[in-house]
Amino acid sequence: VICIYLKGKPRAGVGPQDIALAIIKSVFADGFVKNKVMEFVGPGVAELSVEYRNGIDVMTTETTCWSSIWETDNKVKDYLTAHGRSEEYKEMKPAEGAYYDGALVVDLSSIPSMIAMPFHPSNVYTVRELIDNAAEIFKEIEAKGIEQYGDKVREYKLTEKVRDGKVYVDQGVIAGCSGGTFENICRASEILGGKSIGTGSFSLSVYPASQPVSIA
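What this report covers is the structure whose coordinates are included nearby. The structure presented is a predicted model; accordingly, all values stated were derived computationally and were not measured.

Scoring rules and cut-offs
- Residues numbered from 1 in each chain as written.
- Predicted model: local features only at pLDDT ≥ 70, side-chain atom pairs only at ≥ 80, totals over all residues.
- Heavy atoms only, no water.
- Helix = DSSP H or I, 4+ residues; strand = E, 2+ residues; numbered from the N terminus.
- Buried < 20%, exposed > 50% of the residue type's maximum accessible area, 1.4 Å probe, protein only.
- Areas by Shrake-Rupley, 256 points an atom, 1.4 Å probe, with all protein chains shown as cover.
- Lys, Arg positive; Asp, Glu negative; His and termini not counted.
- Charge placed at Lys NZ, Arg CZ, Asp CG, Glu CD.
- Core = buried A, V, L, I, M, F, W, Y, C linked by side-chain atoms within 4.5 Å.
- Contact = heavy atoms within 4.5 Å.
- Phe/Tyr/Trp six-rings, centres within 6.5 Å; stacked < 30°, edge-to-face > 60°.
- Lys NZ or Arg CZ within 6 Å of the ring centre and 35° of its normal.
- Pairing = 2+ DSSP bridges.
- Salt bridge = Lys/Arg side-chain N within 4 Å of Asp/Glu carboxyl O.
- Polar contact = N/O pair within 3.5 Å; in protein donor to acceptor, adjacent residues only side chain to side chain.
- 1 Å grid on protein atoms, 1.4 Å probe; cavity = no way out; pocket = protein on both sides within 12 Å on 5 of 7 lines; lining within 4 Å.
- Points joined across faces, edges and corners; volume = space filled by probe spheres on them.
- Axes fitted to C-alpha atoms, helices over the stretch in contact; angles between N-to-C directions.

1. A short note on the overall build of the protein
Thinking step 1. When helices and strands are tallied, the protein shows 7 helices and 10 strands.
Thinking step 2. Taking the principal axes of the C-alpha coordinates as reference, the protein spans close to 55 × 45 × 30 Å.
Thinking step 3. Of all 216 residues assigned to the protein, the portion counted as buried reaches 33%.
Thinking step 4. Carbon and sulfur atoms make up 53% of the accessible area of the protein, which amounts to about 13200 Å² in all.
Thinking step 5. Here the protein holds 23 positive side-chain charges and 29 negative ones, and the gap between their average locations is 3 Å.

Below, the structure written as structure tokens:
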């Protein structure tokens, strides 16, 4: 069991995917949590809503861990009560003197907006790194793609997305068990603020994570 000790509070605009990607980048290459259980504890847990925690948790599969578990608190109790499942709440936290096979300390306040690039979620950069070095990063990814997949990706040209030194984006998708949460979709709606995304050059699709989220 590996202790994932959370401290601090996420910066404004930093979502659960950013935190998850930072963790994946830290542990994937050396197999630190491979075939182990990740246990999320620490004062930083209380700074996260239950949906935010869920958004991180469902991405832990990309670390190659077996499973993951979180300590619980009143936020979890209130969440289950709001969903008509109050009887399922159970307090879970490390016992006094608990010890682990390893630990990773994550300062939530230090993590910026992140982005994962092909061909695995562990290939992570900060958004600022990508903006500042897009041409070089895309060129490296193209080379890795050809090395890994050969002729199947010879027409794969990420470098064409760099125009006049800027990254050209033509599609946005908010989806999945991590991205399609109720809070994520509401936040995207707030950012759009009723404005149009335009037509033709950019498309935006939203796929809620579940039927209840879609209905809500």
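Okay, back to it.
2. Some remarks on the nonpolar core
Thinking step 1. Membership of the largest hydrophobic core comes to 27 residues, with the highest contact counts inside it found for Ile4, Leu6, Ile19, Ile23, Phe40, Ile56 and Val106.
Thinking step 2. Ranked by residue count, the leading element in this core is helix α1 (residues 16-27), at 7 residues.
Thinking step 3. Not counting the four nearest positions on each side in its chain, Ile23 is found in contact with Ile4, Met38, Phe40, Leu104 and Val106.
Thinking step 4. In this structure, Met117, Tyr125, Leu130 and Ala134 belong to the second largest nonpolar core, which totals 8 residues.

3. Here we look at the packing of aromatic side chains
Thinking step 1. Tallied over the full model, the rule gives 1 aromatic pair.
Thinking step 2. An angle of 5° between the planes, with centres 4.2 Å apart, marks the rings of Phe40 and Trp70 as stacked. Placement of Phe40 in strand β2 (residues 37-41) and of Trp70 in strand β3 (residues 67-70) is noted, with a sequence separation of 30 residues between them. For the pair formed by Phe40 and Trp70, the shared burial category is buried.
Thinking step 3. Lying across the ring of Tyr168, Arg163 places its NZ or CZ 3.8 Å from the centre.

4. Topic: the environment of Gln171
Thinking step 1. Looking at where Gln171 falls in the secondary structure, it is placed in strand β9 (residues 171-174).
Thinking step 2. Spatially, the C-alpha atoms of Gln171 and Leu204 are 5.9 Å apart, while their sequence positions differ by 33 residues.
Thinking step 3. Ignoring anything within four residues of it in the chain, the contact list for Gln171 reads Phe202 and Ser203.

5. Looking at the pairing of β9
Thinking step 1. Of the two faces of β9, the one lined by Gly172 and Ile174 is fully buried and the one lined by Gln171 and Val173 carries no buried residue.
Thinking step 2. Bridge analysis of β9 against strand β10 (residues 203-206) gives 4 bridges, and the strand direction is parallel. Residue pairing in the sheet places Gly172 in a bridge with Leu204 of β10.

6. Some points on the side chain of Glu51
Thinking step 1. Structurally, Glu51 can be placed in helix α2 (residues 50-57).
Thinking step 2. Buried within the structure, Glu51 lacks any salt-bridge partner; its nearest side chain of opposite charge belongs to Arg85, at an N-O separation of 10 Å.
Thinking step 3. Excluding residues that lie within four positions of it along the chain, Glu51 makes contacts with Tyr79, Thr181, Phe182 and Glu183.

7. Looking at the side chain of Ser122
Thinking step 1. Relative to the assigned elements, Ser122 resides in the loop between β5 (114-116) and β6 (124-126).
Thinking step 2. Within the local environment of Ser122, its side chain forms a polar contact with the side chain of His120, the two groups lying 2.9 Å apart.

8. Here we look at the layout of surface pockets
Thinking step 1. Approximately 1700 Å³ is the volume found for the largest pocket.
Thinking step 2. Residue lining of the largest pocket: 45 residues in total, with Gln17, Asp18, Met114, Val173 and Ile174 positioned closest to the centre.
Thinking step 3. Residue assignment for the lining of the largest pocket shows that the elements contributing at least two residues are α1, α2, β5, α4 (127-149), β9, α5 (176-179) and α6 (182-192).
Thinking step 4. Of the residues forming the lining of the largest pocket, the biggest block, 6 residues, is contributed by α6.

9. Digging into the sheet that holds strand β4 (residues 102-107)
Thinking step 1. Pairing is parallel in the open sheet, where 4 strands are placed in the order β3-β2-β1-β4. With partners counted over all chains shown, the strands left at the sheet margins are β3 and β4, one partner each. Strand after strand, the sheet turns through a mean of 20° between neighbouring axes, direction not considered.
Thinking step 2. Note that strand β1 (residues 2-7) and β2 share 4 bridges and pair parallel. Paired with Ile4 across the two strands is Phe40, which belongs to β2.
Thinking step 3. Its contacts with the sheet put α1 on β1, β2 and β4, and the angle it makes with β4 is roughly 140°.

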